[in-house]
Amino acid sequence: MALRATYREAGGVTVVDMGGRITLGEGSALLRKTIRDLLEEQRTLILLNLADVDYIDSSGIGELVSAYTGVKKRGGSLKLLQLTKKVHDLLQLTKLFTVFEVFSDETTALRSYR
Amino acid sequence: MSQDSKHLEITLETQVESVNLAEEMCLRVAEAAGFGEDDCYRIGMSVREGVINAFHYGNEERPEKKIHLALDLTPEKMIIHVVDEGKGFDLNSVPDPLAEENLLSTSGRGIFLMRAFMDEFQVVPGRTGGAEVIMSKKLPLPGDLGTNGTGSQGAAPEKEA
């Protein structure tokens, strides 16, 4: 899957659709830049759709955590949507499931911001 | 190294691209050795983390330093060595990334992942003065199709020419 990050508005929440690998280098940098751009635009309710992210390494995990804390510091909320099995297992292994709110369904995820 | 073993060595530049290169090389060897999809993922991830460690912490991203990667394929297991040219480090001083106070840390999960994904893992002083990560994965048993992807066809490494 090609590396990409696009975003759309859905009921006051910015949904970021990411694809590809979030790893040291381009993938992590793209996630960092996307979150930074959104925060500059005062978009602090963010739903990160990882349905097309098939691989994350420790650098990508670090970037996810950084995005989470960065958004939280601004009074917002970053949640995760539709994890692939590998990403799901990795977040479970690293206990980050206890940190992130994770959803499998976009409607439910969007409703959780209300 | 016995005649039934294969040895491969490569010297990598201290740059981000080396991480992908090392992962791809080890994945090819692992696939050819008969590891299934899940084990290949774990091996690939561990190699990535080993080389990221060498790149970032060991060599401190200094381009004049090198990363030495070696693979040994024995009839029993695949052994991976990642050696940096840094100052070495004490494994006991690495914080536990699962501790409550470290969960929101943006780094420090690489060693944890290597330990979790490989059968054996250790860090010893390297010959270049830095750290040497040594990790291994047992080859799948013949006929082991289980839940591990493609099974173990061709699991036994060929004899060295």
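A. Representation of the overall build of chain B. Helix and strand content of chain B: three helices and five strands. Reading chain B from its N end, one meets helices and strands in the order β-α-α-β-β-α-β-β. In chain B, buried positions account for 39% of the 161 residues. Counted over contacts in chain B with a minimum sequence separation of 6, partners at least 24 positions apart contribute 67%.

B. Main features of helix H3 (residues 110-117) of chain B. Those residues of H3 of chain B lying buried are Gly110, Ile111, Leu113, Met114 and Phe117 of chain B. For H3 of chain B, the arc enclosing every buried residue in end-on projection is 160°, short of the 170-degree limit, so these residues lie on one face. The secondary structure elements touched by the buried residues of H3 of chain B are helix H2 (58-73) of chain A together with helix H2 (37-58), strand E4 (120-125) and strand E5 (131-138) of chain B.

C. Inspection of unusual backbone geometry at higher detail. Positioned with a positive phi, Gln42 of chain A is a non-glycine residue whose angle comes to about 65°. Structurally, Gln42 of chain A can be placed in the loop between helix H1 (26-40) and strand E3 (45-56). For Gln42 of chain A, a count of 8 C-beta atoms within 10 Å gives the class exposed. A positive phi angle, close to 50°, is found at Glu60 of chain B, a residue other than glycine. Mapping Glu60 of chain B onto the fold places it in the loop between H2 and strand E2 (66-73).

D. Up close: the pairing of strand E4 (residues 77-81) of chain A. Residue and element names in this part refer to chain A. One ladder, built from five bridges, connects E3 with E4; its direction is parallel. Within the sheet, the bridge partner assigned to Leu47 lies in E4 and is Lys79. Read as a crossover between parallel neighbours, the route from E3 over H2 to E4 is right-handed. Pairing of E4 with strand E5 (residues 102-103) involves two bridges; the strand directions are parallel. Following the sheet pairing, Leu80 is matched in E5 by Val102.

E. View of the nonpolar core. One finds Val51, Met78 and Val82 of chain B to be the most contacted residues of the largest nonpolar core, which totals 34 residues. Elements that contribute at least two residues to this core include exactly helix H1 (17-33), H2, E2, strand E3 (77-83), H3 and E5 of chain B. For this core, the element with the most residues is H2 of chain B, which contributes eight residues. Filtering out sequence-adjacent residues up to four positions away, Val82 of chain B remains in contact with Gly50, Val51, Ala54, Ile67, Leu69 and Val133 of chain B. Within the second largest apolar cluster, 29 residues are counted, among which are Val53, Ile61, Leu64 and Val65 of chain A.

F. Representation of the interface of chain B and chain A within the structure. Contacts between the two partners involve 17 residues from chain B, matched on the other side by 16 residues from chain A. Elements represented by at least two residues in the side of chain B that touches chain A include exactly H2 and H3 of chain B. With five residues, H2 of chain B is the largest single contributor of residues to the side of chain B that touches chain A. Looking at side-chain class alone, the side of chain B that touches chain A contains eleven nonpolar, three polar and three charged residues.

G. Seen up close, the confidence of the model for chain B. Residue and element names in this part refer to chain B. Of the residues in chain B, 87% reach a pLDDT of 70 or more, and the chain-wide mean stands at 89. Low pLDDT, under 50, characterises residues 149-161; the stretch is placed with 33 contacts to residues that sit more than four places away or in other chains. Across the interfaces of the predicted complex, the ipTM metric reaches 0.93, alongside a pTM of 0.90.

Calculation criteria
- Residues numbered from 1 in each chain as written.
- Chains lettered and ligands numbered in written order.
- Predicted model: local features only at pLDDT ≥ 70, side-chain atom pairs only at ≥ 80, totals over all residues.
- Helix = DSSP H or I, 4+ residues; strand = E, 2+ residues; numbered from the N terminus.
- Buried ≥ 20, exposed ≤ 12 C-beta atoms within 10 Å, placed from the backbone.
- Contact = placed C-beta atoms within 7 Å.
- Arc of directions from axis to C-beta.
- Pairing = 2+ DSSP bridges.
- Right-handed = clockwise from strand over helix to strand, strands pointing away.
- Core = buried A, V, L, I, M, F, W, Y, C linked by C-beta atoms within 7 Å.
- Nonpolar A, V, L, I, M, F, W, Y, C, P; charged D, E, K, R; others polar.
- pLDDT = per-residue confidence, 0-100.

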